[in-house]
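# Topology and contacts: notes
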Amino acid sequence: MQSSAGLIRSFISQGSHKEALLLDSKIRPERTHQLVEVIPLLLKACASLCLLYHGKTLHAESIKNGIDSNVFVGTALINMYSKCHVIFDSRKVFDGMPDRNVITWNAMIGGYSRNGDMGSASFLFQQMKNRTSVTWSEMVDGFSKNGDNVSARRFFDQTPLEMRSVVTWTVMVDGYVSNGEMEAARTLFEQMPERNFFVWSSMISGYCKKGLMQEAKSVFGRISVRNLVIWNALISGYAQNGFSEEALKAFQRMQDEGFKPDEFSVASALSACAQLGSLDCGKRVHDLIKRNGIKLNQFVVNGLVDMYAKCGDISNAKRIFERMSSRNDVCWNAMITGLAVHGRSREALELFSQMEESSEKPNSVSFLSVLSACARGGFTDEGLQIFSKMKEKYGLEARIEHYGCLVDLLGRAGRVNDAYDLIKTMPVKPNDAVWGALLGACRIHSDAKIAEKVVEEVGLLDQNQRADDDAHYVILSNIYAASDRWETAEKMRVIMAKGGTQKTAGRSSVMLGEL
């Protein structure tokens with residue numbers, strides 16, 4: 001029969017930290033003789049879950065049983081306190097330890113760097129007599145994670161050659177990637193004597209974040225042996241950059257090569273299905289999740305709600321949403337947006353009210369979604385009240401997208417003059433979308449007077465200027481035509497023709513094959 005420490009270690013190795021702590025609460029009387037083994041494991045779980053109170057309870061238990069001076073227990077306490085952002089207590093434990101090994105020193109240096117105190121990390125580094133490759137990697141990683149790649153590179157260059165491991169190279173490359181310095185990352189990456197899976201996936205992710213999908217694909221093509229993490233980096237990159245069909249093709253190819261999707265794979269696939277509006281595709285991914293027993297973590301559940309909502313299957317989206325024990329802002333926003341997009345504005349407003357009463361408070365995206373719902377549903381007064389809450393109640397600054405929603409809201413309600421006045425007084429410069437919303441309102445309400453003011457503001461009637469935005473010209477032409485001002489309407493068409501403007505062709509996609 002497996003020992004208490006063995007059972008807890010098994011949970012920890014699987015990443016089931018909460019389950020490890022729950023098990024400990026049941027077997028506590030039985031593991032008194034294994035405290036030196038068990039306490040460090042439980043402290044690791046507390047560090048992962050940032051459970052400071054529970055960690056302090058374990059600290060008290062270790063003092064009570066006289067094992068707090070044990071080097072493994074002390075090192076685990078240093079890690080726990082630093083990961084819970086109580087660095088003062090980490091240092092207190094460190095200073096009180098009668099014996100320290102190199103792992104203890106590395107833990108303290110890592111704790112300082114994790115909490116942004118590279119001055120203290122550097123001071124401790126100078127005092128350390130026996131450094132290892134981990135010590136140097138901690139310093140390089142610490143500086144890069146705190147945005148100081150110059151100091152990170154200095155430590156990297158000073159690392160003794162025998163201690164410059166693949167991990168040291170990787171953290172420096174990843175430091176450049178994390179700070180968006182892809183050219184420096186590429187140069188160092190090409191110099192690496194050997195590469196691990198993490199650095200390959202880091203380069204792919206870095207290029208994807210920059211929108212450089214061709215470069216990401218090129219790096220991917222150079223990898224002779226791939227793993228699931230590398231496939232996930234490519235699939236996620238395609239999905240995040242709007243290449244939905246490519247994401248789904250890569251998702252299928254990954255499976256064809258014998259890799260079973262995990263929660264990260266299916267979250268990206270669900271995002272791609274949502275972007276395409278392909279309900280059948282999304283349902284196949286959902287079936288795959290059930291069939292493979294993939295863990296329904298926050299990313300997967302959010303992806304399912306978002307996919308069903310964007311694909312118009314509100315019933316399934318609501319069913320999954322209501323079964324969730326805890327919801328983050330992404331999930332709330334996905335559900336509110338889905339309701340708004342599919343004309344269920346009243347329900348979107350009610351859900352927004354529920355979000356306000358929940359532990360997860362609305363953010364900028366929440367307000368954008370609910371303002372869109374108000375505009376679509378004609379809830380003008382409610383929309384204005386909600387907009388006023390952004391700054392007054394939640395301290396959120398309205399962005400250009402929020403003002404665009406408000407212009408659309410007022411315009412649809414026929415309050416075209418109010419919409420125009422808002423544009424003239426708002427603290428951010430109006431963009432094409434904002435002017436377009438106002439012109440759209442002018443067309444609906446045949447308000448040529450305000451339309452002419454817009455024309456004057458953006459200078460669209462300059463015939464020597466290229467007509468870059470054909471939508472605005474079409475709207476203006478229609479407004480004038482609706483007002484029986486046929487000559488001016490024709491003038492708009494002439495400007496469009498002279499500028500070489502053509503109607504943008506529509507596109508549709510067809511999904512082939514099975515996932």
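Just so it is clear, the structure is predicted and the values come from calculations on it, not from any experiment.

Counting its regular elements, the chain contains 30 helices and 0 strands. Expressed as a percentage of the 515 residues in the chain, the buried residues total 49%. By sequence separation, contacts in the chain at least 24 residues apart represent 58% of the contacts at least 6 residues apart. Accessible area for the chain stands at about 25,800 Å²; split by element, carbon and sulfur atoms hold 50% of it.

Tallying each qualifying case throughout the model produces 17 salt bridges. The salt bridge involving Arg 226 is made with Glu 257; its shortest N-O contact spans 3.9 Å. Here Arg 226 is found in the loop between helix H14 (213–221) and helix H15 (228–240), whereas its partner Glu 257 is found in the loop between helix H16 (244–256) and helix H17 (263–276), with 31 residues between them in sequence. Since its relative accessible area comes to 42%, Glu 257 is described here as partly exposed. Lys 310 is the partner of Asp 306 in a salt bridge, and the nearest nitrogen-oxygen pair spans 3.4 Å. Taken together, the residues span about one helical turn, with Asp 306 and Lys 310 both in helix H19 (residues 298–310) at a distance of 4 residues.

Structurally, the position occupied by Val 428 is in the loop between helix H26 (416–425) and helix H27 (432–444). Discounting chain neighbours no more than four positions away, the residues touching Val 428 are Ile 400 and Tyr 403.

UniProt feature "repeat: PPR" (unreviewed entry): in the numbering of this structure it lies at residues 101–135, 165–199, 227–261, 297–327, 328–362 and 363–393. Taken end to end, residues 165–199 comprises 74% helix and 0% strand; its first and last C-alpha atoms sit 13 Å apart. Taken end to end, residues 328–362 is 74% helix and 0% strand, and its first and last C-alpha atoms sit 10 Å apart.

Taken as a whole and assessed by the stated rule, the structure comprises 14 aromatic pairs. Here Phe 125 and Trp 136 contribute two aromatic rings whose centre-to-centre distance is 4.9 Å and whose plane-to-plane angle is 80°, an arrangement assigned as edge-to-face. In this pair, Phe 125 sits in helix H8 (residues 118–127) while Trp 136 sits in helix H9 (residues 133–145), placing the two residues 11 residues apart along the sequence. Here Phe 125 matches Trp 136 in class, with each residue buried. Arranged with centres 5.4 Å apart and planes meeting at 65°, the rings of Phe 387 and Tyr 403 form a pair that is edge-to-face. With Phe 387 in helix H24 (residues 380–392) and Tyr 403 in helix H25 (residues 400–412), this pair connects stretches of sequence that are 16 residues apart. Side by side, Phe 387 and Tyr 403 carry an identical accessibility label, which is buried. An aromatic cluster of at least three residues, connected via ring pairs, comprises Phe 125, Trp 136, Phe 143 and Phe 155.

On to the nonpolar core. Note that soluble globular proteins tend to have their nonpolar side chains buried in a common cluster. One finds Ile 8, Val 173, Met 203, Ile 204 and Leu 438 to be the most contacted residues of the largest nonpolar core, which totals 152 residues. Sort the elements by how many residues they give to this core and helix H3 (residues 35–49) lands first, with 9 residues.

With that settled, the discussion passes to the packing of helix H6 (residues 87–96) against helix H7 (residues 102–114). In contact at an axis separation of 10 Å, H6 and H7 are set at 160° when each is read in the N-to-C sense. Considering their axes alone, H6 and H7 lie roughly antiparallel with respect to each other. Crossing of H6 against H7: the hand is left-handed. Here H6 contributes Ile 87, Ser 90, Arg 91 and Phe 94 to the contact with H7, which in turn contributes Thr 104, Trp 105, Met 108, Gly 111 and Tyr 112. Broken down by class, the residue content of the contact of H6 with H7 amounts to 5 nonpolar, 3 polar and 1 charged.

Another point: unusual backbone geometry. One non-glycine residue with positive phi stands out, namely Cys 50, at about 55°. Counting through the fold element by element, Cys 50 comes out in the loop between H3 and helix H4 (52–64). Of the residues examined, Cys 50 reaches a relative accessible area of 40% and is grouped as partly exposed. At His 85, a residue that is not glycine, the phi angle is positive and equals roughly 65°.

Moving on: the confidence of the model for the chain. Segments scoring low in pLDDT should not have their predicted coordinates read at a detailed level. Looking at the chain as a whole, its pLDDT mean stands at 87, while 87% of the residues score no less than 70. At the low end of the mean pLDDT range in the chain sits helix H30 (residues 486–498), at 52; at the high end sits helix H12 (residues 182–191), at 97. Low confidence marks residues 461–468, where pLDDT is under 50. Its contacts with residues over four positions away, or in another chain, come to 14 contacts. Here residues 482–486 is modelled with pLDDT under 50, and outside its nearest four sequence neighbours on either side it reaches 8 contacts, counting other chains as well.

Within the secondary structure layout, Asn 316 lies in helix H20 (residues 314–323). Side chain to side chain, Asn 316 and Arg 319 meet in a polar contact 2.6 Å long.

Turning next to H6. Three or more residues of H6 are buried, namely Asp 89, Ser 90, Val 93 and Phe 94. Axial view of H6: buried residues confined to an arc of 145°, hence all on one face. Exposed and oriented more than 90 degrees from the buried face of H6 are Phe 88, Lys 92 and Gly 96. Looking at the buried side of H6, the elements it contacts are H4, helix H5 (71–83), H7 and H8.

On to the environment of Asp 68. On the secondary structure map, Asp 68 appears in the loop between H4 and H5. Residue classification places Asp 68 among the partly exposed positions, given a relative accessible area of 31%. Apart from residues lying up to four places away in sequence, Asp 68 is in contact with Ser 62, Ile 63, Val 73 and Gly 74.

Further remarks concern the side chain of Ser 113. Tracing the sequence through the fold places Ser 113 in helix H7. The residues touching Ser 113, leaving out its near neighbours within four places in the chain, are Met 118, Ala 121, Glu 138, Gly 142 and Asn 146.

Our next topic: H27. For H27, which comprises 13 residues, the first-to-last C-alpha distance of 18 Å matches the rise-based estimate of 18 Å (1.5 Å per residue) to within 8%. Taken together, the buried positions of H27 are Val 434, Trp 435, Gly 436, Ala 437, Leu 438, Leu 439, Gly 440, Ala 441 and Cys 442. Where H27 begins, the capping side chain belongs to Asn 431, and its oxygen is found 3.0 Å from the backbone nitrogen of Val 434. In the stretch just after H27, Ser 446 is the one whose phi turns positive, near 50°.

The rules behind each value
Residues numbered from 1 in each chain as written. Predicted model: local features only at pLDDT ≥ 70, side-chain atom pairs only at ≥ 80, totals over all residues. Heavy atoms only, no water. Helix = DSSP H or I, 4+ residues; strand = E, 2+ residues; numbered from the N terminus. Buried < 20%, exposed > 50% of the residue type's maximum accessible area, 1.4 Å probe, protein only. Contact = heavy atoms within 4.5 Å. Areas by Shrake-Rupley, 256 points an atom, 1.4 Å probe, with all protein chains shown as cover. Salt bridge = Lys/Arg side-chain N within 4 Å of Asp/Glu carboxyl O. UniProt positions renumbered as here; feature names shortened; annotations may be inferred. Phe/Tyr/Trp six-rings, centres within 6.5 Å; stacked < 30°, edge-to-face > 60°. Core = buried A, V, L, I, M, F, W, Y, C linked by side-chain atoms within 4.5 Å. Axes fitted to C-alpha atoms, helices over the stretch in contact; angles between N-to-C directions. Parallel < 35°, antiparallel > 145°, perpendicular 65-115°, else oblique. Left-handed = near helix turned anticlockwise from the far one by under 90°. Nonpolar A, V, L, I, M, F, W, Y, C, P; charged D, E, K, R; others polar. pLDDT = per-residue confidence, 0-100. Polar contact = N/O pair within 3.5 Å; in protein donor to acceptor, adjacent residues only side chain to side chain. Arc of directions from axis to C-beta. Expected span 1.5 Å × (residues − 1).

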